[in-house]
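Overview (structure and organization)
Chain by chain, the residues run as shown.
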Amino acid sequence: MKRWIDDVGTWASSLRFSGFTVVVVVLVLAGIVIVSPSLSTFVQQRREIAELRESVRQSQEAVNEIDAERAKWKDPVYVRSQARDRLFYVMPGETQLNVIDDIVMPIESDEEPDPELSRMPSNWARSLSASFLSAGTTDAPPVEAPADAQNEPKPDGADSTTESVDPASPESPAEETPQ
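Analysis parameters
- Sequence order sets the numbering: in each chain, residues are counted from 1 along the sequence as written.
- Residues qualify for local features only when their pLDDT is at least 70, as the model is predicted, and side-chain atom pairs are given and counted only at 80 or more; totals for whole chains, interfaces and linings, by contrast, use all residues.
- As a rule here, side-chain values cover all heavy atoms of the structure and leave hydrogens and water aside.
- Strands here are runs of E lasting at least two residues and helices are runs of H or I lasting at least four, both read from the DSSP assignment and numbered beginning at the N terminus.
- Between buried and exposed lies partly exposed: a residue is buried under 20% and exposed over 50% of the maximum accessible area for its type, with that area taken using a 1.4 Å probe on protein chains only.
- Each accessible area value is a Shrake-Rupley result obtained with a 1.4 Å probe; residue values ignore everything except the protein chains displayed when judging cover.
- Only residues whose relative accessible area exceeds 30% and that form no salt bridge enter a patch; like-charged residues are grouped when within 9 Å of one another, and nonpolar side chains (Val, Leu, Ile, Met, Phe, Trp, Tyr) when within 5 Å.
- By convention in these notes, a salt bridge is any Lys or Arg side-chain nitrogen within 4 Å of a carboxyl oxygen on Asp or Glu.
- Here an axis means a line fitted to C-alpha atoms, over the contact stretch when the element is a helix, while the angle between two N-to-C directions is reported on a 0 to 180 degree scale.
- Orientation is classified from the angle alone, with under 35 degrees giving roughly parallel, over 145 giving roughly antiparallel, 65 to 115 giving roughly perpendicular, and any other angle giving oblique.
- Whether two residues touch is decided by their heavy atoms; if any such pair falls within 4.5 Å, the residues are in contact.
- Here the term charged refers only to Asp, Glu, Lys and Arg, the term nonpolar to Ala, Val, Leu, Ile, Met, Phe, Trp, Tyr, Cys and Pro, and the term polar to all other amino acids, Gly among them.
- Only Phe, Tyr and Trp rings take part, Trp by its six-membered ring, and two of them pair if their centres are within 6.5 Å. Stacked means planes under 30 degrees apart, edge-to-face means over 60, and tilted covers everything else.
- Within a predicted model, pLDDT stands for the predictor's per-residue confidence, ranging from 0 to 100.
- Helix span, expected: 1.5 Å multiplied by one less than the number of residues in the helix.
- As used here, the arc is the angular range of directions from the helix axis to the C-beta atoms.

A word on the overall build of the chain. Regarding its fold elements, the chain presents 5 helices and 0 strands. Along the chain direction, N to C, the helices and strands of the chain fall in the order α-α-α-α-α. Here the chain holds 179 residues, and the buried ones make up 2% of them. Element-wise, carbon and sulfur atoms account for 60% of the exposed surface of the chain, whose accessible area totals about 17,500 Å².

The following block contains the structure:
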């Protein structure tokens, strides 16, 4: 380390400064001090010019988009389609149907439904086929009952859902087993 310091000292002592060298160094420093504010102003103005050019380019794009939109509105077909879509206008003789999608579908869950809710109390298909077969194979004429008598209990204690049989028919009522 000491050797390095000695080398720097030797080099510094070997330098010769003349009056001309001092004048040149002073003039260079003065030039830097004088030119630096102008140079910083130049750089700042170039940056502002670039920003303004970008702003002009964006404004020109916006103007072009507005001109294109204005040209579309001059087309009668476009105006007609916008009136149909936005204002729900129709041409004379047309009928417009509006579908309103206001039903919110529930989110599907991983929960299993309660078996009590999905259990059927009876076999409706068997009941339907039995009713169809019994109505098609009976010889009894149809009995018309008043509308309010259908819901009232019968006086002899019979259930209102049992089938009525004509006593004049040759067949005797048979015991039916529940299905």
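On to a nonpolar patch on the surface. Residues F20, V24, V25, V28, L29 and I32 make up a contiguous nonpolar surface patch of roughly 580 Å² in combined accessible area. V28 sits in the partly exposed class, given a relative accessible area of 48%.

Glancing now at the packing of helix 2 (residues 19-73) against helix 3 (residues 76-87). Two quantities define a packed helix pair, namely the angle between the helix axes and the distance between the axes. Look at helix 2 against helix 3: their axes get within 7 Å of each other, and the N-to-C directions meet at 90°. Taken together, the axes of helix 2 and helix 3 lie roughly perpendicular to each other. Between helix 2 and helix 3, the residues in contact are E69, K72 and W73 and Y78, V79, Q82 and R86, respectively. Taken together, the residues of the contact of helix 2 with helix 3 sort by class into 3 nonpolar, 1 polar and 3 charged.

Quick look at the environment of F88 now. Among the structural elements, F88 can be located in the loop between helix 3 and helix 4 (115-118). Its relative accessible area of 48% is what places F88 among the partly exposed residues. Separated by 10 residues in the primary sequence, F88 and N98 place their C-alpha atoms 8.7 Å from one another. Once residues lying within four places of it in the same chain are set aside, the contact partners of F88 are A83, Q96 and N98.

Glancing now at the packing of aromatic side chains. Across all of its chains, the model carries 1 aromatic pair by this definition. On the numbers, 5.2 Å between centres and 85° between planes, the contact of W73 with Y78 is edge-to-face. Relative accessible area serves as the criterion here: at 19%, Y78 is assigned to the buried category.

Do not read the predicted coordinates in detail wherever pLDDT is low. Here the chain averages 80 in pLDDT, while 80% of its residues score no lower than 70. Averaged over each element, pLDDT in the chain is lowest for helix 4 (74) and highest for helix 2 (94). When the criterion is pLDDT under 50, residues 157-162 qualifies, and its contacts beyond four places in sequence or with other chains add up to 2 contacts. This stretch, residues 172-176, has a pLDDT under 50; its non-local contacts, to residues over four places away or in other chains, come to 2 contacts.

Another point: the pattern of salt bridges. On inspection of all chains with the given rule, the structure shows 5 salt bridges. Shared partners join several salt bridges into a network, and the residues in it are E54, R57 and E61.

With that settled, consider helix 3. Between its first and last C-alpha atoms helix 3 spans 15 Å; for 12 residues at 1.5 Å apiece the expected length is 16 Å, and the two agree. Buried within helix 3 we find Y78, Q82 and A83. The buried residues of helix 3 occupy an angular sector of 135° when projected down its axis, which confines them to one face. Opposite the packed face of helix 3, turned more than 90 degrees from it, sit the exposed residues P76 and V77. Packed against the buried residues of helix 3 are helix 2. Within two residues after helix 3, F88 carries a phi angle of roughly 60°, on the positive side.

This part takes up the side chain of Q82. Within the element layout of this structure, Q82 appears in helix 3. What Q82 contacts, discounting residues up to four positions off in sequence, is W73 and L87.

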